[in-house]
Every structure is written in C-alpha cells, then in structure tokens.
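# Examination of the molecular architecture
Single-letter residue listing:
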There are 4 protein chains.
Amino acid sequence: MRGFGMRSVGNIGWLEKPEPQCGPLDAIVRPTIVAPCTSDVRVAQGWASPRTDRILGHEAVGEVVEVGELVTRFRPGDLVAVPCVTPDWLAPGVQRPRTIGHDTEEEGSFKFVGYKDGVMAELAHVNQADANLALIPDGVTPEAALMATDMMPTGLRGAEAADISFGETVVVIGIGPVGLMAVAGSVLRGAGRVVAVGGRDVTCDLALEYGATETVRHAGRSADDLASRIRQCVSEVDKVIVAGGDAAALATAVRIVKAGGVVSNINFYDQAASLTMPLVDWGLGMADKDIRGSFCPGGGAQLGRLLELIKHGRVDPTKLITHKLKGFDALPEAFDLMAEKPPDLIKPIVYL
Amino acid sequence: MRGFGMRSVGNIGWLEKPEPQCGPLDAIVRPTIVAPCTSDVRVAQGWASPRTDRILGHEAVGEVVEVGELVTRFRPGDLVAVPCVTPDWLAPGVQRPRTIGHDTEEEGSFKFVGYKDGVMAELAHVNQADANLALIPDGVTPEAALMATDMMPTGLRGAEAADISFGETVVVIGIGPVGLMAVAGSVLRGAGRVVAVGGRDVTCDLALEYGATETVRHAGRSADDLASRIRQCVSEVDKVIVAGGDAAALATAVRIVKAGGVVSNINFYDQAASLTMPLVDWGLGMADKDIRGSFCPGGGAQLGRLLELIKHGRVDPTKLITHKLKGFDALPEAFDLMAEKPPDLIKPIVYL
Amino acid sequence: MRGFGMRSVGNIGWLEKPEPQCGPLDAIVRPTIVAPCTSDVRVAQGWASPRTDRILGHEAVGEVVEVGELVTRFRPGDLVAVPCVTPDWLAPGVQRPRTIGHDTEEEGSFKFVGYKDGVMAELAHVNQADANLALIPDGVTPEAALMATDMMPTGLRGAEAADISFGETVVVIGIGPVGLMAVAGSVLRGAGRVVAVGGRDVTCDLALEYGATETVRHAGRSADDLASRIRQCVSEVDKVIVAGGDAAALATAVRIVKAGGVVSNINFYDQAASLTMPLVDWGLGMADKDIRGSFCPGGGAQLGRLLELIKHGRVDPTKLITHKLKGFDALPEAFDLMAEKPPDLIKPIVYL
Amino acid sequence: MRGFGMRSVGNIGWLEKPEPQCGPLDAIVRPTIVAPCTSDVRVAQGWASPRTDRILGHEAVGEVVEVGELVTRFRPGDLVAVPCVTPDWLAPGVQRPRTIGHDTEEEGSFKFVGYKDGVMAELAHVNQADANLALIPDGVTPEAALMATDMMPTGLRGAEAADISFGETVVVIGIGPVGLMAVAGSVLRGAGRVVAVGGRDVTCDLALEYGATETVRHAGRSADDLASRIRQCVSEVDKVIVAGGDAAALATAVRIVKAGGVVSNINFYDQAASLTMPLVDWGLGMADKDIRGSFCPGGGAQLGRLLELIKHGRVDPTKLITHKLKGFDALPEAFDLMAEKPPDLIKPIVYL
C-alpha cells in the first residue's frame, strides 16, 4: 500500500509498504481525513531518534475495515477517531494514577511517531482497538473529531497540568494550534485573565476568539524583553503554559510565573537546543515554581470525553482548520505547509 | 444602630444594637447592597444552634468607613465586597492545604451566621480586613460583586470539589442560586454534558443559559423515581453536585453516580432530617464513590479571584438577581421573599 | 476439578467443576497457598447479589501452569501472587486517573468474588495475565506475598485515601487484618498519633506492634459512648479510617473527625444495615468532612509495588497470620475459622 | 544586644544591634539552642541578594520573653520552637491550597534569612506569634524540636512534593542533614527502595539508619558517570529528591527518573551556577517528568505536626546532631564548622 513519510532523516516522500496485519486485539482503519503535525515535520528533520522507511502522521479519523477476534466494542464500518497516543494498556507502566497512558519508555505510547508506521497511508494499524479507538458520536463532525486526536488533548492537557484555580491569570506562550487549544482549555478550567503570546495575526485573532483577554507579540523580542513586556501587562502571573518557541520560552515562563506557580510545558524542543534554567528566577531552587512536562494523554476513553466537549458546544476546534486539501496526492503539499507555516496557516487537513 | 435579624428562633424583626468597634486588624464597613440568603432564613428557623438578638445577613458590598491601625491594604472610602466566610487567618486550623479557611470548629469561620452580627445593618464589622476584604475592580458592578460573596464561591466550590475532568457528565441536583452557580462552575471546569435538576421554570431556563445541556424536574417525584428519570437521560454520571433538596437528594446522588465518581455536597440540611445512605448503591461501602461535604472558601484573595472571573466575562452572576428592592426598610420584604420563594424568584437584593 | 465454595446462599461445601480454559491473554494458576476472607464468608451468607455453584476465594499465591499465546511477561513455572482485583484493562472505565482498576460496573473488577470462580480450587483462571499477575521477588516469602493480594492493598488504600499529612492524628476503627494494615499504612504515610479501635487482645496487641500509639476497646459501647471515649483520648482527629464494624462505625467516624477532615471507608457493610449519617456532626452538610468509599486497587503492577515494600522491610504482613492449615481438605476448617473468628484468630492460611 | 551575622558579603562577625521591638501580634524569643545552616553560610557568601549588617540564623528553640497585646496562644515563659519560615498570614498570597506559606514575593516568608535579623542573637523577633510559634510538647527534647525548625520540614517537604506512592523507588541526591531527612521522609511516605547518593561515610551510614536500602558515592563522578552508576543499581527510578549538589545534580535527576516520574528539588543553588536541563532526557519536553521546586512550609501548626511525629517515635532527628557547642561565644566556631564541613560533621548546634 502507499503511504507518505520519511525514507531517512531529511528525505521525505512516498513509501510503498505491505498492508498492516491485524492482531487479535487490533483494528485496521482506513483513514478518511488526516492532518500533518509539526512533530511529523520535526521527526522527519531528525529531532528525535532517527527513523528510516517510516510512514508519518498521527492525526486521523477513518473507517474501521477489520478487527481482531478479541475486539468487542468496534466492528468494520464504524466511523472512528484514532488518538495520537495509543498505549499498550496491559503494560505495567499504565497502572499509575498520575500518568495515564505511559506504557513503557519515554513516549513509548506515542507509537505512530516513534515506533511504527503512521496514518498518512491507505491503511493504519491500531493496537488494542477496544481501548484505543473512539466512535464519533452524532453531533460531532469528522473534522472536529480529527482535531480531538492530538491538538485538543495536548492543549487541554497543558491547561490541566497547569492546575488552574478559578479566576487565576494564565499566560500561554506559543499559540500554534496546540497553544490555541491551551488558551481554550485555560478558559474551560476557569482562568480569569488569559494572555496569549504569539507571532502572527491569524493566531492572535483566534486566541481572542477562544477567550484570551489580550495578546502579546513575541516577534523580535529577546527573552528578557518578552518577560518585561508580559510583566507590564500583568503584575502577577499564576500559571504559564509553554506551547511553542525555543528554549528561551521555558526560561521566560520560569521568570514570569509567581512563586508558588506552575509552568506547564507541552512544547517539543529541538534536541540541539540548550535549555538553561534561569536560576535566580527559580529562587535558586526555592521559589516553589513547578515545571511540569506533560504528554498528550492517550486512549479512546479520553478521546471520547473530548468528543463530548465538542458535542455539547464547549469548544469548537474546527476553527483551527485554515486549509483543506483534497486527495491522497495532496499529502506532500499539506506536509510542506506545516513545515513552512505561511502567515495564514494554523492547521491544514487532507481528505483522502 | 439599626439591623434586621432574629430576636430568637422564629422571631425575626428589627434590632437596635450598639455600633461595632474596630479592632486593630479590623474594618468597619457600611453595607450599600445586601442580599438575604436561604441560610439566614434557616438559621432564623432554628436549623443551626439557636441564637438570640442577632443581626442576620452575610452577603454585602459596601464602603469601608474605618480600619484598625494595623490594616495596610484598605482605607476608608474603599468600595469592597465582604466574603461570607471570614476566617481568623492566625488560627492554627487555616494552615492546611485541603481546607483553606476553616479556622477553629465546624463553620467557625462562617462568622456572620454563626458567631456575630451580620451585614443587614447600618454598619458591619469585618475581622482581619487585610485578609478578608476584596476591592471591587473596574469593570465589575457592585451587584455582580455582591453575588461573589456567597452564591458564586459556594456554587463554584461545589464544582471544584466534584473534581471534574474535561468532557465528563455532571448532574446538579437543586438549582437555586447556588446550584445555578454550580452549573456555571461545572462548565467552567470543563464538563461536557450537564443535567440540571430543578423545580421551577425560572431556574430551569437560567440553568440552560448557564450551560446546562438539559433539565429534569424533580417536583412530585420520589427519590427512586427521580433517580430513574435521570438515568433515562444519561447512562453514565461521572459527578453529582447536590445544591438543594432534602436528605433524599443526597441518596439520589449516591445512587446515580458511577463507581469511582464523586458526590459533591454544598447543600445545607435541616437538622431534623434523617440522612440515610443507600448502602447497596454505595456498593456496601466499596463502590469508590466519594461524598465530599464542601464549605464556601473564605477570604479576600479567593473573592478577588472570583471578581477576576466576572471582570473577564467568564460568568455573569447578575442573572441570578430577579428582585431589586430599595431602602433599608425593604429588608423584611426581601427576607420574606427568600423564605417564601415565589415562582419568579431566584435572588433578591436590597439597596440600602 | 475440585473447589470449595457456595452451592447457593447459606450452603457451602465442595464443588466439582470443569477445569478453567486459558484465553489468549490469560493464565491458569495452580494455587499453592490461599487465605479465606471475611468477604467470602459474607458473600456465602448472601450479602451481595446471590450466587450459585461458585468456587470462592480471592487471595492466592501459586504457580503458573499455562499462559495464553499473547502473554509475554509470564510463563509456566513462574511463582506468582494473584491480586484480588483483576481488572479488564482494555475497558474504558480503567482509563481514569482517580480510580485505577474499575473496569465496568461497581466492583466489576473484583471478579473472584463477584463474577467467576475463585482461587480455593485446584486451578484458577486469571484474566489478562500480563497486567494482573506479579512475580514474587527474591526476599519475599510466599506467605507475605499472599497477604499482599488483599489485606495489605485494601488496608493501605484506606490510609492513602485518608490523605494523611505528616504528623496528623489518625483513628482506625475496626482492626481485623485489613484494619491492622490500615494502621501500618497510616504510619507509612507519616501519621503521628494513631488510635486503633478494636475488640480483642490479639488484634490490639498487634496494632501496637504495627505502630498504633494507643488502643480503644469498642466492645459493649454505643456509638455515642465510643465517640466520647475516643475524644477523651484525642482532642482533635484529622483522619478516620473505617475498616470494620456495623453502620454505627461510619457514624462514629463522621462524628469524631474534625471539620476539614476525611473519613476513609474500606469496610464492607451488611446490605441489611441502615446507614444513617449524623447530620449535625456533618455540619448539616457544611463541615467539609469528606467521606471516601475506597476499593482495593487492582492489577499486578500495584501488587508488585507492595511486594517491594515487604522486600525492603517496611512492613511485615505475615504477623497477621495466626493459623496455618495444611492440605486441600483443610479449606472448610479455614473457612469456618474466618466465619467464627475465635479470640486468637486474625488470619488463617491454607497450604494446598 | 549582641548577635552573630554578616556585616557585608564575605565579612562575618559579631554585631551589636538594638533589641527587637514587639508589635501587637508578635513575640520576642530568647533563643536557648540554635543551629547554623548551610544557607546562612551561603547568604554570607553572597548567593542571594546582598545584605549588610544582618544577624544570621533561622533555626532556634527558646523561651518566650514578651508577647504583643493581640497574642492569645503564647505567653512569657513558654518553651517554643521557631520555624525558619514565618509567613505573614494576613497577606493574600498565603490563601492558596498549593503553597501554604508563601506570603508575598519569592522566599518572602523566609524572613530570618532574607528580610530581618535572625536567631543567632540574644533576642529574636517572631512575627504573628499565634500563627508562627509552636509549643514544645512533653516527650520532645529541645534538641529534637530544633531539628524540626528547618532540617526536618525541608527534607520532609521534598518527600511530600515527590508524590511517592507505596512501594516506589526513590533516589535522594545529596544527603546532608536535609537530604537525610528526605530519606527518612521517603520511608514515612511509603517508599520501597531508597537509594541515597552521598559523599561521606558519616552521612551514608546515617542514611542507612534512616531507611535507605543502599548508598552510592558521588565523589569524583561526572554527571554521566553518576547517572550510569545509579541506573546500574536500580533499573527504574520513580521519584528523585535533589537535596544537595551543584547544577549537575538536577540534570542527573532528570536523566534517571522514569517517564511520568517526579524530580523534587529542595536544593539551594549557587546563583553563579548554570543550570542546563538535559533536553533529550526530558523527552524534548514530552517525557512527563515534573520538576518541582519546593520550599520549606512555614508556620507553627505545620511545625507542631512535625513535633507530633517526633513525640510518637516516627523519626528521631537528633541523630543528625554530630557537634554540640556551649555558649554564645561558640557561634563563630559553629558557623565555621558548617562552612567547612569536616568529614565527621552533619549538624552542629550551640547552647546559648
């Protein structure tokens, strides 16, 4: 079958691979809409461990075409959303209250990026279908469900890990699609003032629509300058969510958050970066500023709850979609868009 | 000075009392708008320990007229909101992470109801002003701030204690003004489906406006019947907030909540009631259903954060206000309204 | 094969049943030591839904004799401990941070008691072996591991749910084997003073050995009298764990715990009981006293961590074992011991 | 009066200062035993903001000699322990569940080091005595109480913030007196295996006595080498507490902790240090490894609970005391000991 991905680091294109086999607990899904993600681009650029001959893509909705003989909750023909994180729920690591979804090693359950072929393909394999798929309910469009496979859970997890209390002031640094969902998620956790730090009109405008009370431009500012600018806006910052930017973004976050506050990171850094903690701003270790490094929660039940949020009108993630492309052959163009991020782009999707 | 309250259990009316004295940490506030509360009515009826010669009322905004010599953050002329719970922040009991605001014994920090004269008076005494008052910021009306002194913190606390995750289904039983704020609070914590159980058109309509996805009428239903009716609506209830009703309401809540769920109580029961737990529905003790009995969090900083929520448009509590009365002499009428609850009443306020 | 259990409510004895079949994810274990539990006795007496022709028993260590073809972490010959709660980890219900191990309905994952044949048999079936078995590590005796299948996780869960902070005062009501583990667990969460409420010398003595600072006898006391007696001992009770007693035990707990405290229930009540909440002591709903109804956490990873506690000498659960019986034919005698609870009994075990 | 402290950065010695004045909420305490702390040494060396003419010392027990007219819980003659962190409990910042004790800015409530004269003096001023002092109960020696003013709360807070579940594996890096209390605290939160990383026989031996299961020497190892050495010991590390070392200690902690784990920092870093996060080990931001920067909780109620722990024999912090000096004039020698850390020193105390 045909898929789009990386032949090796820096070398992307079409791949021809055998069709995936369906194990007894698994499902085979035919993706109908997919969305490339910045992390696909970065993996192709070699940010994580180098991979070869790997189909990319981890955001998809589609139709179930086959299920294993032990699968009881899904059957061929079901319209489903596939979460980007699909843990092995029988691994010991998942039996932990704090970190639903880690199965083995770091990002081990982020299988489509790390460990197997992804969803930008004619067919995709989903491990443990009963636990890792979600039916798309009435009242939720496939496009909205697609946004619930990665953009929404990652952004909302950022807000959840920030441990927001009613009325607190939250700063979101980086407002690509994940950061925009962190803005919406902060409002949905009860934040009062929400300051969105971004670089483009299109994202700043949407941040305001999702409930940000003001926006700050980061373009051309040094970390010190940015921190000062944010502090001019808000005298006390309870929580910061870092959803974009380079290593300086984390340093800025630690600097501006109040003693006793939380920095919630959902950003993915270049491994070549050097992330230096601002020691004085961290109170030489004693300012009680937590730095939480979150990870998108996995599994179908979690995704199903996000679909409920959409169904009941709490948030409309389809506003993220700025570009709709048609046909399998449009995958390279969509991938390029994500890599180049033109001024009007937030998130492209491709109807296969 | 003149105040309105209880001479003894069942005997309410005007009281003439000496003006309150301002201790070094305290403030004297002249209430400008007050709101009677169902708990005032119940205390007057003798639900809690009997009191005599006590001015009632614990919801007020007003003007600071005097501050003690150790007060640094407020001064005469400040327009402030007075929280209904005003802890002694120097008592050992408040130094606990789980229960901000309990100072000594049960409800010890709910001083206006339990331990001293209330705010339906020409002047009111506020202990530890620096910690227990909040300035009304620009962009917040006094009426909105008034709703943030008890209705909003109690309702939102119910939602907070329910420990709602994104997309969960929440049932709110009892949608007087506190329950309506629990509906709004559930939405602000990220609930998906929200079922409001009420008895009157006026509250059911406002529940939908605050984000309930459907309403169920309790009128004339037995506990069993009500539980069945709710379960017809929703197959799985993650969290229940009990904000009204008699002892059967709690039993209904325990019955309908899922194993592993939470019942968050912010209801005030008649001490004559007999509250029987439905043992089988509680899994004979093993269904992992928590029953949390919350209490309105106290203090000025907490109130200040709620005012931020209002200021930034996250919730408009003034929709609760159905009746506006003018003048000190209208206090008895407002109190009677709260006692009789005519069909069109949610919350009356009185401009003094 | 032969097993010991209930033919119907009130009718216990030997059962002859077909050998269990091993599904692809499962294991068949030959129990080598088992322990009857009070809940076996109660199920046989009809406390829960009536069952017929059911082998009882849910505490076992044994040898793996067969594994399904999808099992990767265990193989025949492994010496394992079998947790009493064995969830279906692919069910949506387990993907929740708060309640690791609930799979479907109430107690749905407590399969050996509720839904299938138990371990007092020649062979026992374990669902999802990779997730639900634990190897017994070097340095842990089989007898100690046996105590980690139910007594220890249930008792320790009671302490965990009580949310004990360093130095707090904890009262444990009911000190059978689970309550004794709640005493040990309270000490292992950092409790200061620990008051154990029991009825027999043998359990009171062992409570002191596990770290209780004093004991109170409940025998012959009314709920009021017991509450007064405990309050004489300790002026302020931060947390209460209820691990035994009738419905009055819960009422006593709610009475004695401080405002802002927690009552953690791990007791299993007679469904014929009437559990009346002491409303005044619950502050008419507003005393901020949480009542948490816990459930033994399930799965092999959880059990494995308890075996680490034993291995490193943090607690010795074998002190619970007062009676050691030999041979399959001793099962009825062990069961009778658990039903009759002679003065010197805490926990009997049977070597098969 | 006479005190010992810093005239300016790098210049320590005797100071002659006026006696402290007692405000209405305050107390004046005559220290009877004090202990110098590494942070006194570091402040004198200029690690934090430069101070001049400041008496040092923040660990003391003593006798109350005067109380303000609003103090109700203490009186002259009381034997008390003075916590190192003495918040202003009327400041808005303390009304937060997550961070009991922060009043204003970073470390603002760590007044004895940062904002006023310390306890190595003839008299010491304690703000808000009712909230910030603790009586030494019967059964607790003054020496033990002295260890509960900073060493014990800081170490135990490190364990608490590490969010240890029963049976987890904890590594403590740096086992000076605070790190040793973190070892004891980990055991008291239910850790299974506890690996202590230290550099001297005296501390390694005491770590084993406090419940460490093994020790690792850091001396002469690079960060990489140390991480490898610890990983040889333990294949999976659930939680790490950093209680000493330079910036490399934090990097080592992030490296060795499992995905989904927590690094709990209670170390105080040199502001000249450069703290570089190991990005790859942090999963490029996505490994779900929290880095919590704790701060010693303040106040008398917290200290009182630690005294309960000591009283009931849960931990004996007097084992930390290796050197006992007599007389006011011994303060410089004690301070030098803390600065030079001879091989046999853990903690010196001085009887004034």
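Higher on the page you've got the structure.
This report concerns the structure included in the present document. The structure displayed is predicted, hence computed values, not measured ones.

The subject of this paragraph is the overall build of chain A. Scanning chain A from terminus to terminus reveals 11 helices and 17 strands. Overall, the C-alpha framework of chain A stretches about 60 × 40 × 35 Å when taken along its three principal axes. Across the 352 residues that make up chain A, the buried fraction comes to 68%. A fraction of 71% describes how many contacts in chain A between residues 6 or more apart in sequence connect residues 24 or more apart.

Below, the discussion takes up unusual backbone geometry. Even without a glycine there, the phi angle at Q128 of chain B is positive, about 45°. By secondary structure assignment, the location of Q128 of chain B is in the loop between strand 7 (124-126) and helix 3 (129-132). Taking the relative accessible area as the measure of exposure, Q128 of chain B reaches 7% and is therefore buried. Although it is not a glycine, K341 of chain D sits at a positive phi angle of roughly 45°. In this structure, K341 of chain D sits in the loop between helix 11 (331-340) and strand 17 (347-351).

Take the interface of chain B and chain D next. Opposite the 20 residues of chain B that make contact, chain D presents 20 residues. Here chain B is connected to chain D by 0 salt bridges. Taken together, the links from chain B to chain D amount to 0 residue pairs in polar contact (both at pLDDT 80 or more). At the level of elements, helix 3 and helix 10 (300-311) of chain B are the ones that each hand at least two residues to the side of chain B that touches chain D. The dominant element in the side of chain B that touches chain D, judged by the number of residues it contributes, is helix 10 of chain B, at 4 residues. Split by residue class, the side of chain B that touches chain D holds 10 nonpolar, 6 polar and 4 charged.

It is worth spelling out the sheet that holds strand 4 (residues 54-55) of chain A at this point. Read from one edge to the other, the open sheet built from 3 strands follows the order 2-1-4 (chain A), with strand pairing classed as antiparallel. In this open sheet, the two edge strands, each paired with only one partner strand, are strand 2 (11-16) and strand 4 of chain A.

To continue, consider the packing of helix 5 (residues 151-161) of chain D against helix 10 (residues 300-311) of chain D. All names here are of chain D. Helix 10 packs onto helix 5 with a crossing angle of 90° between their chain directions and a minimal axis gap of 10 Å. Judged on the interaxial angle alone, helix 10 and helix 5 are roughly perpendicular. Across from M152, P153 and L156 in helix 5, the residues of helix 10 making contact are Q302, L306, L309 and I310. Class assignment of the residues belonging to the contact of helix 5 with helix 10 gives a composition of 6 nonpolar, 1 polar and no charged.

Residue and element names in this part refer to chain B. Within the fold, A124 resides in strand 7. Sequence separation between A124 and T203 is 79 residues; the distance between their C-alpha atoms is 31 Å. Each residue touching A124, except ones within four places of it in the same chain, is listed here: P20, A27, I28, V29, P31, G118 and V119.

Our focus in this paragraph is the relation of the copies chain D and chain A. Note on the copies: chain D fits chain A at an RMSD of 0.0 Å, the axial shift is 0.0 Å, and the rotation between them is 180°. The relationship between the two copies is best expressed as a two-fold rotation axis. Relative to the rotation axis, the C-alpha of T276 of chain D is the closest in chain D, positioned 2.1 Å from it. Counting the interface residues of chain D, we find that 98% of their copies in chain A are interface residues as well, pointing to one common contact surface.

All right, on to the interface of chain D and chain A then. Of the residues lining the interface, 49 residues belong to chain D; the matching set on chain A comes to 48 residues. Summed over the shared surface of chain D and chain A, the number is 2 salt bridges. For the salt bridge of R292 of chain A with D290 of chain D, the shortest nitrogen-to-oxygen distance reads 3.8 Å. Summed over the shared surface of chain D and chain A, the result is 10 residue pairs in polar contact (both at pLDDT 80 or more). Broken down by secondary-structure element, the contributors of at least two residues to the side of chain D that touches chain A are strand 13 (257-265), strand 14 (275-277) and strand 15 (290-293) of chain D.

For the structure on display, the rule yields 64 salt bridges over all chains. In this structure, D224 of chain A engages R255 of chain A in a salt bridge whose closest nitrogen and oxygen atoms are separated by 2.2 Å. Placement of the pair is D224 of chain A in helix 8 (residues 223-233) and R255 of chain A in helix 9 (residues 247-256), with a sequence separation of 31 residues. A residue is classified by how much of its surface remains accessible, and D224 of chain A, at 49% relative accessible area, is partly exposed. Beyond isolated ion pairs, a larger network of salt bridges with shared partners links D290 and R292 of chain A together with D290 and R292 of chain D.

What follows concerns the packing of aromatic side chains. This model, assessed by the stated rule, comprises 16 aromatic pairs over all chains. Taking the centre distance of 5.5 Å and the plane angle of 65° together, the rings of F4 of chain B and F335 of chain B count as edge-to-face. Within this pair, whereas F4 of chain B is found in strand 1 (residues 2-8), its partner F335 of chain B is found in helix 11 (residues 331-340), the two being separated by 331 residues in sequence. The pair formed by F4 of chain B and F335 of chain B is uniform in burial state, with each residue classed as buried. Taking 6.2 Å as the distance between ring centres and 65° as the angle between the ring planes, the aromatic pair formed by F110 of chain C and F295 of chain C counts as edge-to-face. Placement of F110 of chain C in the loop between strand 6 (79-82) and helix 2 (111-114) and of F295 of chain C in the loop between strand 15 (290-293) and helix 10 (300-311) is noted, with a sequence separation of 185 residues between them. There is no split in this pair, since F110 of chain C and F295 of chain C are both buried. Joined through ring pairs, the aromatic side chains of F4, W14, F328 and F335 of chain A make up one cluster. Sitting above the plane of the F166 of chain D ring, R189 of chain C keeps its charged end 5.3 Å from the centroid. The ring of W14 of chain D is capped by R2 of chain D, whose NZ or CZ atom sits 4.2 Å from the centre of that ring.

Below, the discussion takes up the sheet that holds strand 1 of chain B. All names here are of chain B. Spatial strand order, 2-1-4: 3 strands in an open sheet with antiparallel pairing. Two strands bound the open sheet, and with one partner strand each, they are strand 2 (11-16) and strand 4 (54-55). Of the strand pairs in this sheet, strand 1 and strand 4 are connected by 2 bridges, and their pairing is antiparallel. The residue of strand 4 that forms the bridge with M6 is R54.

Attention shifts here to the nonpolar core. Most often, soluble globular proteins have nonpolar side chains that are buried together. In terms of nonpolar packing, the biggest core is built from 140 residues, with L133, V240 and W282 of chain A together with L133, V240 and W282 of chain D touching the most fellow members. Among all residues touching V240 of chain A, those that are not within four sequence positions of it are V171, I173, A253, I256, V257, V262, V263 and S264 of chain A. Within the second largest apolar cluster, 96 residues are counted, among which are V64, V197 and V240 of chain B together with V234 of chain C.

This part covers the relation of the copies chain B and chain D. Rotating chain B by 180° and moving it 0.0 Å along the rotation axis overlays it on chain D with an RMSD of 0.0 Å. Here 100% of the contact residues of chain B are again contact residues in chain D; the copies associate through an equivalent surface.

Residues and elements named next belong to chain C. Alternating positions in strand 15 separate into two faces, D290 and R292 on one and I291 and G293 on the other, with burial throughout. Sheet topology note: the strand 13 (residues 257-265)/strand 15 ladder contains 4 bridges and is parallel. Residue N265 lies in a different strand from strand 15, and its bridge partner there is G293.

Once that is clear, we can look at the packing of helix 8 (residues 223-233) of chain D against helix 9 (residues 247-256) of chain D. Residues and elements named next belong to chain D. Where helix 8 contacts helix 9, the axes come no closer than 9 Å and their chain directions differ by 40°. Comparing the axis directions of helix 8 and helix 9 gives the class oblique. For the pair helix 8 and helix 9, the sense of crossing is right-handed. The segment helix 8 lies against helix 9, with A223, D224, L226, A227, I230 and R231 engaging A248, T252, R255 and I256. Looking at the contact of helix 8 with helix 9 residue by residue, the class counts come to 6 nonpolar, 1 polar and 3 charged.

Moving on, we get to helix 8 of chain D. All names here are of chain D. All of the buried residues in helix 8 are L226, A227, I230 and C233. In an axial view of helix 8, the angular spread of the buried residues amounts to 115°, which keeps them on one side of the axis. Lining the buried residues of helix 8 we find strand 9 (170-173), strand 10 (194-198), strand 11 (214-217) and helix 9.

A few words on helix 11 (residues 331-340) of chain A. Owing to its 3.6 residues per turn, the α-helix aligns residues three or four sequence positions apart on the same side. Residue and element names in this part refer to chain A. Three or more residues of helix 11 are buried, namely L331, A334, F335, L337 and M338. Projected down its long axis, helix 11 shows its buried positions confined to an angular sector of 155°, all on one face. Elements in contact with the buried residues of helix 11: strand 1 (2-8), strand 2, strand 3 (27-34), helix 1 (38-44), strand 16 (321-326) and strand 17 (347-351). Taken from the residues just after helix 11, K341 is the one with a positive phi, measuring 45°.

On to the environment of R2 of chain B, then. Residue and element names in this part refer to chain B. By the element assignment, R2 lies in strand 1. Sequence separation of R2 and E122 is 120 residues, and the distance between their C-alpha atoms is 6.1 Å. When near neighbours in sequence (up to four residues on either side) are disregarded, R2 contacts W14, L15, E16, A121, E122, F328 and D329. Reaching out from R2, the side chain makes a polar contact with the side chain of D329 at a distance of 2.9 Å.

About the cut-offs
Residues numbered from 1 in each chain as written. Chains lettered and ligands numbered in written order. Predicted model: local features only at pLDDT ≥ 70, side-chain atom pairs only at ≥ 80, totals over all residues. Heavy atoms only, no water. Helix = DSSP H or I, 4+ residues; strand = E, 2+ residues; numbered from the N terminus. Buried < 20%, exposed > 50% of the residue type's maximum accessible area, 1.4 Å probe, protein only. Contact = heavy atoms within 4.5 Å. Salt bridge = Lys/Arg side-chain N within 4 Å of Asp/Glu carboxyl O. Polar contact = N/O pair within 3.5 Å; in protein donor to acceptor, adjacent residues only side chain to side chain. Nonpolar A, V, L, I, M, F, W, Y, C, P; charged D, E, K, R; others polar. Pairing = 2+ DSSP bridges. Axes fitted to C-alpha atoms, helices over the stretch in contact; angles between N-to-C directions. Parallel < 35°, antiparallel > 145°, perpendicular 65-115°, else oblique. Least-squares fit on C-alpha atoms with pLDDT ≥ 70 in both. Phe/Tyr/Trp six-rings, centres within 6.5 Å; stacked < 30°, edge-to-face > 60°. Lys NZ or Arg CZ within 6 Å of the ring centre and 35° of its normal. Core = buried A, V, L, I, M, F, W, Y, C linked by side-chain atoms within 4.5 Å. Left-handed = near helix turned anticlockwise from the far one by under 90°. Arc of directions from axis to C-beta.

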